[in-house]
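Residue strings, one per chain:
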Amino acid sequence: MKKRIITVLLALTLLVCLSVSVFAESQLWNITDDAGLLSDEEYTQLESYAESVSETYGVGVYVITIDNYEDYYDSPYETAWQFYHEYTLGEGDDRDGIILLLSMDNRQFANFVYGPKADYAFDEHGVLELNDWYLDDFRNDDWAGGLNHFVAGCEDFLAKAAAGEPVRRSTTGPILLITLGSMVFALIVCLILKGKMKSVRTVTHANAYVVGALNVTASRDQFTHTTETRTKIEKESSSSSGSSESDGGGHGSSGSF
């Protein structure tokens, strides 16, 4: 009788453990290291860091590492997009957040931004600029360093957005280049024209400018009509480099490391 009770208790314990395991697999944390890139200590520190940033700014910061995105969907970006929505990631009613996906077998990455608050902090230019925080680490196989820099970059961008100064593309550089280019072009034109001018001396009599007989006759041009030809310019579709969008809102980027 006691053996039967012990057997039943063991079976119930195993069932509970399996249920917990299945539940754990049905959710994602801020850091989901399925590819096993981090040590236990690195994972614990990074999970705490990402959770703290998410709670502070109300924008979820997520990382998912997998072996190969091809086991899930057709592209790294689509895989990041699907994970974000399938697991209902994000903070608040608008599910604001940013997710970074690493696919290790083919060394591909993708990030995806969702929600108005997240979009304000990470616009299309900002997402590409954020990549510079961590891609060099990944190229050197420094996974812990790269993931920490990703979270640190998110914290920096979110702090600037919270202060009303989100990261945006600078317009000072292009304007300065255009101005300098115009000045250099004008200088070159002036030098060319100056080189073609001949030196002259001042004279006091008008007849010095007359060669031969002077014969001036009146003439008149009369404008009647003009002909105008118009050609329709067809617009060509274009897409931004390194940036992608998908149905359902959100934007992001993808590439290799």
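Above this text you will find the structure in question.
Here goes a summary of the coordinates provided.

Calculation notes
- In this convention, every chain numbers its residues from 1, walking through the sequence in written order.
- Reporting in this predicted model follows two pLDDT cut-offs: at least 70 for local features of residues, and 80 or more for side-chain atom pairs to be given and counted; totals over whole chains, interfaces and linings ignore these cut-offs and use all residues.
- Side-chain measures were taken over the full set of non-hydrogen atoms in the model, leaving aside hydrogen atoms and water.
- Axis definition: a line fitted to C-alpha atoms, limited for helices to the stretch in contact. Angles are taken between N-to-C directions and run from 0 to 180 degrees.
- Helix and strand assignments come from DSSP, with helices taken as H or I runs of at least 4 residues and strands as E runs of at least 2, each series counted from the N terminus.
- The scheme is simple: roughly parallel for angles under 35 degrees, roughly antiparallel for over 145, roughly perpendicular for 65 to 115, oblique for anything else.
- Only heavy atoms matter for contacts: two residues are in contact if any of them lie within 4.5 Å across the pair.
- By nonpolar core we mean a set of buried residues, namely Ala, Val, Leu, Ile, Met, Phe, Trp, Tyr and Cys, connected to one another through side-chain atoms within 4.5 Å.
- Accessible area is worked out with a 1.4 Å probe on protein chains only. A residue is then buried under 20% of its type maximum, exposed over 50%, and partly exposed in between.
- Any carboxyl oxygen of Asp or Glu within 4 Å of a side-chain nitrogen of Lys or Arg constitutes a salt bridge here.
- Being paired, for any two strands, means DSSP has found at least two bridges between them.
- Call a crossover right-handed when, viewed with both strands pointing away from you, the route from the first strand across the helix to the second goes clockwise.

1. Overview of the packing of helix α2 (residues 40–57) against helix α7 (residues 143–162)
1) Next: At a minimum axis separation of 10 Å, α2 and α7 run at an interaxial angle of 10 degrees. Classified by the interaxial angle, the pair formed by α2 and α7 is roughly parallel. From α2, Glu42, Leu46, Tyr49, Ala50, Val53 and Tyr57 reach across to α7, where they touch Ala144, Leu147, Asn148, Val151, Ala152, Glu155, Leu158, Ala159 and Ala162.

2. Examining the environment of Met104
1) Next: Mapping Met104 onto the fold places it in the loop between β3 (97–103) and β4 (108–114).
2) Next: On a C-alpha basis, the gap between Met104 and Thr65 in space is 7.4 Å, while along the polypeptide they are 39 residues apart.
3) Next: Setting aside chain neighbours within four positions, we find Met104 in contact with Ala35, Leu37, Ile66, Asp67, Trp143 and Phe257.

3. Considering the nonpolar core
1) Next: Leu100, Leu102, Phe122, Phe138 and Phe150 are the most contacted members of the largest nonpolar core, which has 34 residues in total.
2) Next: When contributions to this core are tallied by element, the ones reaching two or more residues are α2, β2 (60–66), β3, β4, α4 (116–121), α5 (124–131), α6 (135–139) and α7.
3) Next: By residue number, the principal contributor to this core is α7, which donates nine residues.
4) Next: Ile64, Tyr69, Leu101 and Tyr114 belong to the second-largest nonpolar core, a separate cluster that totals 16 residues.

4. A word on the pattern of salt bridges
1) Next: One pass over the full model with this rule turns up four salt bridges.
2) Next: The partner of Arg107 in a salt bridge is Asp141, with the nearest N and O atoms 3.0 Å apart. Of this pair, Arg107 sits in the loop between β3 and β4 while Asp141 sits in the loop between α6 and α7, placing them 34 residues apart in sequence.
3) Next: A residue is classified by how much of its surface remains accessible, and Asp141, at 44% relative accessible area, is partly exposed.
4) Next: With a closest N to O distance of 3.2 Å, Lys160 and Asp156 form a salt bridge. One end of the pair is Lys160 and the other is Asp156, both in helix α7 and four residues apart, which spans about a single turn.
5) Next: You can call Lys160 partly exposed: its relative accessible area is 37%.

5. What to know about the pairing of β2
1) Next: In terms of residue burial, β2 counts as a mostly covered element, since seven of its seven residues are buried.
2) Next: Side chains Gly60, Tyr62, Ile64 and Ile66 of β2 all project onto a buried face; the interleaved residues Val61, Val63 and Thr65 project onto the opposite face, where all are buried too.
3) Next: One ladder, built from three bridges, connects strand β1 (residues 31–33) with β2; its direction is parallel. Residue Asp33 lies in a different strand from β2, and its bridge partner there is Thr65.
4) Next: Note that β2 and β3 share seven bridges and pair parallel. The partner of Val61 across the bridge, within β3, is Ile98.
5) Next: Crossover β2 to β3 through helix α3 (residues 76–86) is right-handed.

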